[in-house]
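Breakdown of the fold
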Amino acid sequence: MKIISIAIQKGGAGKTTTTLNLAAALREAGKTCLLVDLDPQAGLSQSLGIHDEPFPNTYHLLKREAAGIPGPPEDAIIEKSGLDLIPASLELASAELELVSVYGREHILAQVLQRLERRYDFALLDCPPSIGMLTVNALVASDAILMPLTPEFLSLRGAKSFLRHLELVRRLNARIDLLGLVLTRYDARKTMTREVEAQLLQDYGRDKVFTTCIRTSIALAKAQRAGTDIFSFDKNANGAKDYRALAAEFLSKIGSK
Ligand SMILES: Nc1ncnc2c1ncn2[C@@H]1O[C@H](COP(=O)(O)OP(=O)(O)OP(=O)(O)O)[C@@H](O)[C@H]1O
Ligand SMILES: [Mg+2]
């Protein structure tokens, strides 16, 4: 199982939308994925129609593992729209503080996911918009990071500071690599979009910037509101085409690693 963090500390970058729809596109391509909601806001869980406080959820898996009494993580997996998800709830916010005093605190999630190693081709981790214990746990568990960002100049700064942080995480996980940056809410008619894209290519090179861009597509937001992925909602929408292309590029990039 390859573990991928979908992460950047900037809010609203398209992390949750990308986690969900990339997994759905990989499912279409015949791959099995586990989705893990690591955000106390539980946007990914809500995007799959889970609005209550599921038990057990990511929080309980981390707590049990941290206490040295891990239960089977399978207990927390919910199947929705043909996707397997470990959901989150607001209690996960307290994990940020509770993990601080635990031995091996940065490795707790990695240990949980190790128990699921043989069940899936990929695990996609939807990170919160911050660099705290939850995001560090995600990065320590991961083989690669995929960073979505919107075409704005603030995003460029966000990406740069996140990558600086990633260098520090390498002390704990030397194998993590930046798989690539993906532009979301892309609108080629806007000058700023083209400028930000050019800057990204200049700063990181073609190898680290996905050729696929996710266009602004209202159907993506509508699918999220309807509690499902874009392929189940409208498989002909631009959002579906773009995530299908992203999955193909993702597989070729990850295959060559
Ligand atoms: N390509 C797109 N076209 C149109 N709307 C989009 C697109 N991508 C994301 N959105 C919308 O933008 C909003 C933010 O996206 P999303 O929740 O995926 O970002 P996020 O990085 O997970 O945010 P947070 O940092 O708060 O977790 C959502 O309402 C989502 O529906
Ligand atoms: Mg999110």
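Throughout what follows, the structure given in this document is the object of discussion. (Residues numbered from 1 in each chain as written. Chains lettered and ligands numbered in written order. Predicted model: local features only at pLDDT ≥ 70, side-chain atom pairs only at ≥ 80, totals over all residues.)

Focus: the overall build of the chain
The following threshold applies: Numbering of helices and strands runs from the N terminus, with a helix taken as a DSSP run of H or I at least four residues long and a strand as a DSSP run of E at least two residues long. Every C-beta atom is placed from the backbone, and the number of other C-beta atoms within 10 Å of a residue's own sets its class: buried at 20 or more, exposed at 12 or fewer, partly exposed in between. The contact criterion used here is simple: two residues whose C-beta atoms, placed from the backbone, lie within 7 Å are in contact.
If you tally the helices and strands in the chain, you get 11 helices and 7 strands. Along the first, second and third principal axes, the C-alpha set of the chain runs to 55 × 40 × 30 Å. Considering the chain as a whole, with its 257 residues, one finds that 47% of them fall into the buried category. If you take every contact in the chain between residues at least 6 apart in sequence, the share linking residues at least 24 apart comes to 79%.

Some words on the sheet that holds strand 1 (residues 2–6)
Using the following cut-off: Each pair of strands is called paired provided DSSP finds at least two bridges between the two strands. Fitted lines through C-alpha atoms serve as axes, helices being fitted only where they are in contact, and the angles separating the N-to-C directions of these axes extend from 0 to 180 degrees.
One open sheet holds the 7 strands; their spatial order is 3-4-2-5-1-6-7, and the pairing between them is mixed. Single-partner strands in this sheet number two, and they are strand 3 (78–80) and strand 7 (177–183). Direction aside, neighbouring strands of the sheet carry axes that sit 25 degrees apart on average. Looking at chain direction, strand 6 (residues 144–149) and strand 7 are connected through 6 bridges and run parallel. In the strand pairing of strand 7, L146 is matched with G180. Sitting on the sheet, helix 1 (residues 15–28) is in contact with strand 1, strand 2 (33–37), strand 4 (83–86), strand 5 (122–126), strand 6 and strand 7, with an inclination near 165 degrees to strand 5.

A short note on the site of ligand 1
Using the following cut-off: For each residue, a C-beta position is placed from the backbone atoms; the residue is near a molecule or strand when that point lies within 6 Å of it.
Around ligand 1, the structure places 18 residues, and the nearest of them are K15, T16, T17, P129 and A221. Looking at the shell around ligand 1, the elements with two or more residues in it are helix 1 and helix 9 (218–225).

Concerning the environment of G205
Among the structural elements, G205 can be located in the loop between helix 8 (191–204) and helix 9. Take G205: there are 9 C-beta atoms within 10 Å of it, and that puts it in the exposed class. Spatially, the C-alpha atom of G205 lies 40 Å from that of K63, the residues being 142 residues apart in sequence.

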